[in-house]
Amino acid sequence: MNTIPEQLLAFIEKSPDCFHAVAAMKEELAANGFKELKENEKWQVTRGGRYFVTRNESALIAFTIPEQDMRGMRILATHSDSPSFKIKENPEMEAEGHYIKLNVEKYGGMLCAPWFDRPLSVAGRVVVKDEEKGGMRSVLVNLDRDLVMIPSLAIHMNREVNDGYKYNAQKDMLPLYGDIQAKGTFMKQVAEAAGVKEEEILGHDLFLYNRQKGCIWGAEGEFISSSRLDDLQCAFASLKGLLAGEKKEYMAMHCVFDNEETGSETKQGAASTFLYDTLVRVHDCLDYSREDYLIHLADSFMVSADNGHAVHPNYGDKADPVNRPYMNGGIVLKFNAAQRYCTDGVSAAMFRDICRQAGVPVQTFVNRSDIAGGSTLGNISNTKVALNTADIGLAQLAMHSPYETAGVKDTEYLVKAAAALFA
Ligand code: CO
């Protein structure tokens, strides 16, 4: 049996984009006896059952229903997407009569520099007409080879580049795909990898991804690096926690939303009705009243898990002077007075209590008072389904690089905390 860090790297390797991440989770859930529910079909949900439902194939909610009358829900929310470059419509561009490059646009707020000079590939989904059932059918696709590269401009042609550079997404970030002979072949290759004909493809959602495989490194193998640790490290740990142990009093919910990196305001994002709709349907199926639902919500607890910043060895001054999380130091509980992180005194106490029971260390993160931080899932989801929520994450470096670094021990801490939350 592989160790937890090795399992995490295998999961990320299977998940070059949000669609493949959801497919990988579906596979694991089905193998563990979870039954798939479809949003466009009637649900039959019974006590003691285990289910999952997806939206847009890029968001997923998996849940278990207790045998006995439930007291409420225990929810762990993460996200499936990561910053990348999305392939635009009509992607091929000719340059100099000698090259074919791809037209891409930014998805999310990435560090641009580390995308240069490394082999990249393309993955996502294509949509074709379903000739048997009518409607549309989507097919996951991963070109799965060193396919494109964004070459740097030589130092000789911009001597000032090391003094800081402002990257222009339309000029600097377009990947080279082939020489002029490659003209007209990109979508053909996509179609071939998807097992469909090029002319059948009516729509696509395709992204670049880093080909460099994850690794475990450092003097004692204490670090783990890979693309998409934010937020697949948390999504993976949440899923493992859901699959562990018995759930007696609370409905356990593993929620993975899409589009966190672009603000969550989509039908499959944390600002959508996906969680609300799922909760209402389950309550209806179990013959609970509207008031029962509201009582359950008041007795529920949500943990919003999205990776956080470890103190950087070269930039210690960027962190709060007192609250200084480090990799391998345990789960990071995040605080913000403006409630961009929704941890408050009550939810902090609830989360610390769960971690204490699980024997998991907790560290704290607060932005420096003169640096505005990011935001995440919890406060956005709370505007649709309001319940006690704590924001947490695992400490990492190089957030939003296509190759991020975290602690080798921390995934397991979150697996244990998730299992305790759901139990
Ligand atoms: Co994130």
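Before reading on, note that the structure itself is shown above.
Predicted, not measured: the structure shown is a model, and the values here were computed from it.

Caption draft 1: Structural context of the overall build of the protein chain. Along the protein chain, the regular secondary structure elements total nine helices and 20 strands. Over its C-alpha trace the protein chain gives a radius of gyration of 22 Å, about what one expects of a compact globule, namely 22 Å for 423 residues. Dimensions of the protein chain along its principal axes, counting C-alpha atoms only, are 70 × 60 × 40 Å. Split into buried and exposed, the 423 residues of the protein chain put 53% on the buried side. At a minimum sequence separation of 6, the contacts of the protein chain that also span at least 24 residues come to 76%.

Caption draft 2: Broad picture of the packing of aromatic side chains. Per the stated rule, a full pass over the model turns up 10 aromatic pairs. Geometrically, the ring pair formed by Phe85 and Trp115 is edge-to-face, given 5.2 Å between the ring centres and 85 degrees between the ring planes. In this pair, Phe85 sits in strand β5 (residues 84-95) while Trp115 sits in the loop between β6 (99-107) and β7 (120-129), placing the two residues 30 residues apart along the sequence. A ring pair is formed by Trp217 and Phe223, whose centres lie 4.9 Å apart and whose planes are at 45 degrees; its orientation type is tilted. According to the relative accessible area criterion, Trp217 is partly exposed, its value standing at 37%. Aromatic rings pair up to connect Phe116, Tyr165 and Tyr167 into one cluster. The cationic tip of Arg281 hangs over the ring face of Trp43; the distance from NZ or CZ to the ring centre is 4.2 Å.

Caption draft 3: Region of the structure containing the coordination of the cobalt ion. The cobalt ion binds to the protein through His79 (NE2), Asp230 (OD), Asp306 (OD) and Asp306 (OD); the donor distances cover 2.0 to 2.7 Å. Coordination at the cobalt ion is irregular: its four donor atoms span angles of 53 to 144 degrees at the metal. Written as a sequence motif, the donor arrangement for the cobalt ion is H-x150-D-x75-D. Of the two residues, His79 sits in strand β4 (residues 72-79) while Asp306 sits in the loop between β14 (301-305) and β15 (308-309), which places them 227 residues apart along the sequence.

Caption draft 4: Expanded view of the sheet that holds strand β17 (residues 362-366). Spatially, nine strands are ordered β1-β2-β3-β13-β4-β14-β18-β16-β17 in an open sheet, and the strand pairing comes out mixed. Each end of this open sheet is capped by a strand with a single partner; those strands are β1 (35-37) and β17. Each neighbouring strand pair of the sheet contributes to a mean axis angle of 25 degrees, computed without reference to strand direction. For strand β3 (residues 59-64) and strand β13 (residues 250-257), the ladder comprises five bridges, and the chain directions are antiparallel. Within the sheet, the bridge partner assigned to Phe63 lies in β13 and is Met253. Packed on one face of the sheet, helix α2 (residues 18-31) meets β1, β2 (50-55), β3 and β13 and runs near 20 degrees to β3. Along the sheet face, helix α4 (residues 229-243) touches β3, β4, β13 and β14 and points at about 150 degrees away from the line of β4.

Caption draft 5: The arrangement of the sheet that holds β15 in detail. Pairing is mixed across the open sheet formed by five strands, whose spatial order is β11-β12-β20-β19-β15. Sheet topology places β11 (215-217) and β15 at the edges, where each strand pairs with a single neighbour. Relative to strand β20 (residues 404-407), strand β19 (residues 395-397) runs antiparallel, the two being bridged by two bridges. Its bridge partner being in β20, Gln396 is matched across the sheet by Ala406.

Caption draft 6: Spotlight on unusual backbone geometry. Here the bond from Asp230 into Asp231 is cis, since omega is 15 degrees, no more than 30 degrees from zero. Tracing the backbone shows Asp231 in helix α4. Phi at His400 takes a positive value of approximately 75 degrees, unusual for a residue other than glycine. Examined against the element boundaries, His400 turns out to sit in the loop between β19 and β20.

Caption draft 7: How the structure looks around the nonpolar core. Core analysis: the largest hydrophobic core is formed by 47 residues, its most contacted members being Leu29, Ile331, Phe351 and Ile392. In terms of residue count, the dominant contributor to this core is α4 (eight residues).

Caption draft 8: Expanded view of the pairing of β14. Burial runs high along β14: five of the five residues are buried. Along β14, one buried face is formed by Phe301, Val303 and Ala305 and the opposite face, lined by Met302 and Ser304, is buried too. Relative to β14, β4 runs parallel, the two being bridged by four bridges. Across the sheet, Leu76 pairs through a bridge with Val303, a residue of β14. Here five bridges tie β14 to strand β18 (residues 388-393), and the two strands are oriented parallel to one another. By the bridge assignment for β18, Ala305 is matched with Ile392.

Parameters at a glance
- Residues numbered from 1 in each chain as written.
- Predicted model: local features only at pLDDT ≥ 70, side-chain atom pairs only at ≥ 80, totals over all residues.
- Heavy atoms only, no water.
- Helix = DSSP H or I, 4+ residues; strand = E, 2+ residues; numbered from the N terminus.
- Rg over C-alpha atoms; globule rule 2.2 N^0.38 Å.
- Buried < 20%, exposed > 50% of the residue type's maximum accessible area, 1.4 Å probe, protein only.
- Contact = heavy atoms within 4.5 Å.
- Phe/Tyr/Trp six-rings, centres within 6.5 Å; stacked < 30°, edge-to-face > 60°.
- Lys NZ or Arg CZ within 6 Å of the ring centre and 35° of its normal.
- Donors = N, O, S within 2.8 Å, 3.2 Å for Na, K, Ca; no water.
- Tetrahedral: all angles 85-135°; square planar, octahedral: opposite > 155°, others 65-115°.
- Pairing = 2+ DSSP bridges.
- Axes fitted to C-alpha atoms, helices over the stretch in contact; angles between N-to-C directions.
- Core = buried A, V, L, I, M, F, W, Y, C linked by side-chain atoms within 4.5 Å.

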